Amino acid sequence: MASFSERTAILVDGGFYRLQAKKLFGDKTPEERADELFSYCIRHLNKGSDEEASLYRIFYYDCPPSTKVVFNPITKRQVNLAQSDQYRWMSAFFDALVKKRKVALRRGEELSSGGEYTLRPGVLKDLCAGRRTVESLTDRDIRLTITQKGVDMRIGLDIASLAERDLVTQIILISGDSDFVPAANMLVDVVSISYLIRCGTRYPQA
């Protein structure tokens with residue numbers, strides 16, 4: 001029987017994970033993405049090794065899919081996001097996640113003033129340089145920008161709560177936000193925050 005060296009909580013910034021996972025592992029169904037995320041987290045427990053850790057819980061932080069109606073400047077039409085493929089995908093993904101053992105979903109909120117289409121990086125530069133014309137723009141040149149709030153705050157509160165209540169001895173934080181570094185340094189004598197995974201550089205092969 002394994003002698004667990006650590007009680008571990010894994011905190012996942014969902015927006016960051018989904019973006020990096022899509023870049024690295026490609027498109028997947030909601031169920032496949034949920035399985036991938038769970039397997040990736042479990043892999044950090046060093047299963048089968050002398051340093052195997054026990055899992056306290058996986059906390060997943062993300063904003064619910066938007067239900068706004070937004071204007072698409074290319075098609076000149078209103079788009080009901082509640083009827084979009086992205087809304088259906090995210091809803092199914094959340095459903096699949098919460099069915100996983102020891103996974104807790106922490107929901108942020110959508111910024112009320114957010115929700116608009118913006119030009120993708122490089123497109124505006126091409127327009128200003130005369131390499132593109134406004135007439136040449138298509139749906140592929142714009143992206144929907146949804147700003148979320150409350151996710152970072154919930155992550156910070158959970159880190160403090162887990163440490164203060166002595167629920168875990170190790171926290172693994174999967175996030176692209178280095179703002180958590182000062183908080184992690186302040187808690188170093190209370191709990192081990194062993195990873196701050198940024199920019200996708202530490203993702204193993206799925």
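One can find the structure itself at the top, above this paragraph.
Heads up: these notes are all about the structure in this document. (Residues numbered from 1 in each chain as written. Predicted model: local features only at pLDDT ≥ 70, side-chain atom pairs only at ≥ 80, totals over all residues. Heavy atoms only, no water.)

A word on the layout of surface pockets. Rolled over the atoms, a probe as big as a water molecule pinpoints where empty space is left. Considering only enclosed or pocket space, the largest pocket measures out at about 1,600 Å³ in volume. Lining the largest pocket are 40 residues; nearest its centre among them are Arg18, Leu19, Gln86, Leu144 and Ile146. Secondary structure elements with two or more residues in the lining of the largest pocket: helix 1 (14–25), helix 3 (85–98), strand 8 (142–145), strand 9 (148–149) and helix 5 (151–164). It is helix 1 that provides the largest number of residues to the lining of the largest pocket, a total of 6 residues. Classifying every residue of the lining of the largest pocket by side-chain character gives 15 nonpolar, 10 polar and 15 charged. (1 Å grid on protein atoms, 1.4 Å probe; cavity = no way out; pocket = protein on both sides within 12 Å on 5 of 7 lines; lining within 4 Å. Points joined across faces, edges and corners; volume = space filled by probe spheres on them. Helix = DSSP H or I, 4+ residues; strand = E, 2+ residues; numbered from the N terminus. Nonpolar A, V, L, I, M, F, W, Y, C, P; charged D, E, K, R; others polar.)

For the pair helix 2 (residues 30–43) and helix 3, interaxial distance at closest approach is 8 Å and the crossing angle is 45°. When the axis of helix 2 is compared with that of helix 3, the two are oblique. Taken as a pair, helix 2 and helix 3 cross one another with a handedness that is right-handed. Of helix 3, the residues touching helix 2 (which contributes Pro30, Glu31, Arg33, Ala34 and Leu37) are Trp89, Ala92, Phe93, Ala96 and Leu97. In the contact of helix 2 with helix 3, the residues fall into 8 nonpolar, no polar and 2 charged. (Axes fitted to C-alpha atoms, helices over the stretch in contact; angles between N-to-C directions. Parallel < 35°, antiparallel > 145°, perpendicular 65-115°, else oblique. Left-handed = near helix turned anticlockwise from the far one by under 90°. Contact = heavy atoms within 4.5 Å.)

Below, the discussion takes up the nonpolar core. Core analysis: the biggest nonpolar cluster contains 25 residues, and Ile10, Val12, Leu37, Tyr60 and Ile174 have the highest contact counts within it. Secondary-structure elements contributing two or more residues to this core are strand 1 (7–13), helix 1, helix 2, strand 2 (54–62), helix 3, strand 5 (103–107) and strand 10 (170–174). For Val12, the residues in contact, after removing those within four places along its chain, are Tyr17, Leu37, Cys41, Ile58, Phe59, Tyr60, Tyr61 and Ile174. One finds Phe59, Ile159, Leu162 and Ile171 within the second-largest nonpolar core, a separate group that totals 12 residues. (Core = buried A, V, L, I, M, F, W, Y, C linked by side-chain atoms within 4.5 Å. Buried < 20%, exposed > 50% of the residue type's maximum accessible area, 1.4 Å probe, protein only.)

Moving on, we come to the packing of aromatic side chains. Taken as a whole and assessed by the stated rule, the structure comprises 5 aromatic pairs. Here Tyr60 and Phe93 contribute two aromatic rings whose centre-to-centre distance is 5.7 Å and whose plane-to-plane angle is 80°, an arrangement assigned as edge-to-face. Here the residue Tyr60 occupies a position in strand 2, and Phe93 occupies one in helix 3, the gap between them amounting to 33 residues. Phe93 sits in the buried class, given a relative accessible area of 0%. (Phe/Tyr/Trp six-rings, centres within 6.5 Å; stacked < 30°, edge-to-face > 60°.)

On inspection of all chains with the given rule, the structure shows 13 salt bridges. Linking Asp27 and Lys22 is a salt bridge whose minimum nitrogen-to-oxygen distance equals 3.6 Å. For Asp27, a relative accessible area of 64% corresponds to the exposed category. A salt bridge links Arg132 to Asp141; the nearest nitrogen and oxygen atoms lie 2.7 Å apart. In this structure, a network of salt bridges that share partners links the residues Lys28, Arg33 and Glu36. (Salt bridge = Lys/Arg side-chain N within 4 Å of Asp/Glu carboxyl O.)

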